[in-house]
Amino acid sequence: MRVLFDTNIFIEHLHGAAHVAPFFAAAQRGSYEIAVSVITEYELLRFPRIDANEEDEILLLTAPLHVLGIDRRTARLAALISRRHPNIEMADIFIAATAIANGLPLLTRNVRDSRKIQELKLLTDPPIDSIEHD
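Residues numbered from 1 in each chain as written. Predicted model: local features only at pLDDT ≥ 70, side-chain atom pairs only at ≥ 80, totals over all residues. Heavy atoms only, no water.

## A look at the pairing of strand β2 (residues 33–37)
To be explicit about the condition: Throughout this description, buried means an accessible area under 20% of the type-specific maximum (1.4 Å probe, protein chains only), exposed means over 50%, and partly exposed covers the range between. Only DSSP runs of H or I with at least four residues qualify as helices, and only runs of E with at least two residues qualify as strands; both kinds are numbered from the N terminus onward. Two strands are said to pair when DSSP picks up at least two bridges between them.
Of all five residues in β2, four are buried; the element is thus mostly enclosed. In this sheet, β2 lies alongside strand β1 (residues 2–5) in parallel orientation, the contact comprising three bridges. By the bridge assignment, Val 3 is partnered in β2 with Ile 34. Direction of pairing for β2 relative to strand β3 (residues 66–68): parallel, over a ladder of three bridges. Bridge pairing in β3 places Val 36 opposite Val 67.

## Details of the pairing of β1
Sheet analysis places β1 next to strand β4 (residues 106–107), joined by two bridges and oriented parallel. Counted as the bridge partner of Phe 5 is Leu 107 from β4.

## With respect to empty space enclosed by the protein
Let me state the cut-off plainly: Put simply, the grid is 1 Å and covers the protein atoms alone, a cavity is a trapped set of points that fit a 1.4 Å probe, a pocket is an open set with protein on both sides within 12 Å along at least five of seven lines, and lining residues have an atom within 4 Å of a point. Grid points are joined across faces, edges and corners, and a volume is the space filled by probe spheres set on the points. When residue character is reported, Ala, Val, Leu, Ile, Met, Phe, Trp, Tyr, Cys and Pro are called nonpolar, Asp, Glu, Lys and Arg charged, and the others, Gly included, polar.
Overall, the coordinates contain one cavity of 30 Å³ or more when judged by the stated rule. Quantified by volume, the largest cavity comes out at close to 40 Å³. Here the lining of the largest cavity is built from residues that sort into three nonpolar, two polar and three charged.

## Section: the pattern of salt bridges
Put simply, the test is: Salt bridge, as applied in this entry: a Lys or Arg side-chain nitrogen positioned within 4 Å of an Asp or Glu carboxyl oxygen.
Evaluated as defined, the whole model comprises five salt bridges. For Arg 84, the salt bridge is made with Glu 119, and the minimal N-O distance between the two is 2.3 Å. Of the two residues, Arg 84 is situated in helix α5 (residues 72–84) and Glu 119 in the loop between α7 (111–114) and β5 (122–123); the sequence distance between them amounts to 35 residues. Several salt bridges share partner residues, and in doing so they unite Arg 112, Asp 113 and Lys 116 into one network.

## Thoughts on a nonpolar patch on the surface
As a reminder, the rule being used: Patches here: salt-bridge-free residues with over 30% relative accessible area, like charges joined within 9 Å, nonpolar side chains (Val, Leu, Ile, Met, Phe, Trp, Tyr) joined within 5 Å. To be clear on the numbers: accessible area is Shrake-Rupley with a 1.4 Å probe, and residue cover counts the displayed protein chains and nothing else.
Taken together, the side chains of Val 38, Val 67 and Ile 70 define a hydrophobic patch exposed on the protein surface, amounting to about 190 Å² of accessible area. In this fold, Val 67 is placed in strand β3. Among the residues examined, Val 67 registers a relative accessible area of 34% and is labelled partly exposed.

## Thoughts on the layout of surface pockets
Roughly 260 Å³ of volume is contained in the largest pocket. When residues of the lining of the largest pocket are assigned to their parent elements, the largest contribution, three residues, is made by helix α4 (residues 52–62). The class makeup of the residues in the lining of the largest pocket is six nonpolar, one polar and three charged. Of the volumes computed, that of the second largest pocket is approximately 220 Å³. Along the walls of the second largest pocket sit 13 residues, with Tyr 42, Glu 43, Arg 46, Ala 91 and Asp 92 positioned nearest its centre. Every element with two or more residues in the lining of the second largest pocket is listed here: α1 (7–14), α3 (38–45) and α6 (90–101). If one sorts the elements of the lining of the second largest pocket by residue count, α6 sits on top with four residues. Classifying every residue of the lining of the second largest pocket gives seven nonpolar, two polar and four charged.

## Comments concerning the sheet that holds β5
Just so we agree on the cut-off: Residue contacts are defined here by distance: any two heavy atoms, one from each residue, within 4.5 Å place the two residues in contact. Axes here mean lines fitted to C-alpha atoms, for a helix over just the part in contact, with angles spanning 0 to 180 degrees between N-to-C directions.
Here five strands make up an open sheet; going across it, the order is β3-β2-β1-β4-β5 and the pairing parallel. Strand pairing shows two members of the sheet lacking a second neighbour, β3 and β5, which therefore form its edges. Each of β1, β2 and β3 touches α3; the most contacted strand, β2, lies at about 70° to it.

Below, the structure is given as C-alpha cells:
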C-alpha cells in the first residue's frame, strides 16, 4: 500500500519520537510504500536555523521516496478545499489535495484539520499485521 506521509510525521521521526517509529518500520518491511509531497520537502528544508547535517539527514530520508508534484488537478482540488476550509493552512491543503489526487491515504498527526476534508482518507495507525511482535 502506498501512503502519503505528512510533514509532521517526518519531523517527529527526525526528532526520535517513538510513536511514529512503527510507521517507518512498516515501510521498511514493505507494508507501506512511502510517498511524499513536494510541499513536505519544502516544509522540511525551509527552517531558517537548519544546519548542513540536518539538511543532509532530511535529504537522505526523503531521497528514496516517491515524490509527488503539483499538477493542474492537484491545484484545482487544493483551490476547492481552500474555498471549503479557508482556515486550513495552505501547505496542509496542498498536501491533502496531493493525497486525494493520487488516491492515497494521508498519514498525519494533524487529524483536527484533516478530518474536515471529506474526500481525504486518513491513516492514523500502522496496519496490525505490520507491527513486529518480539
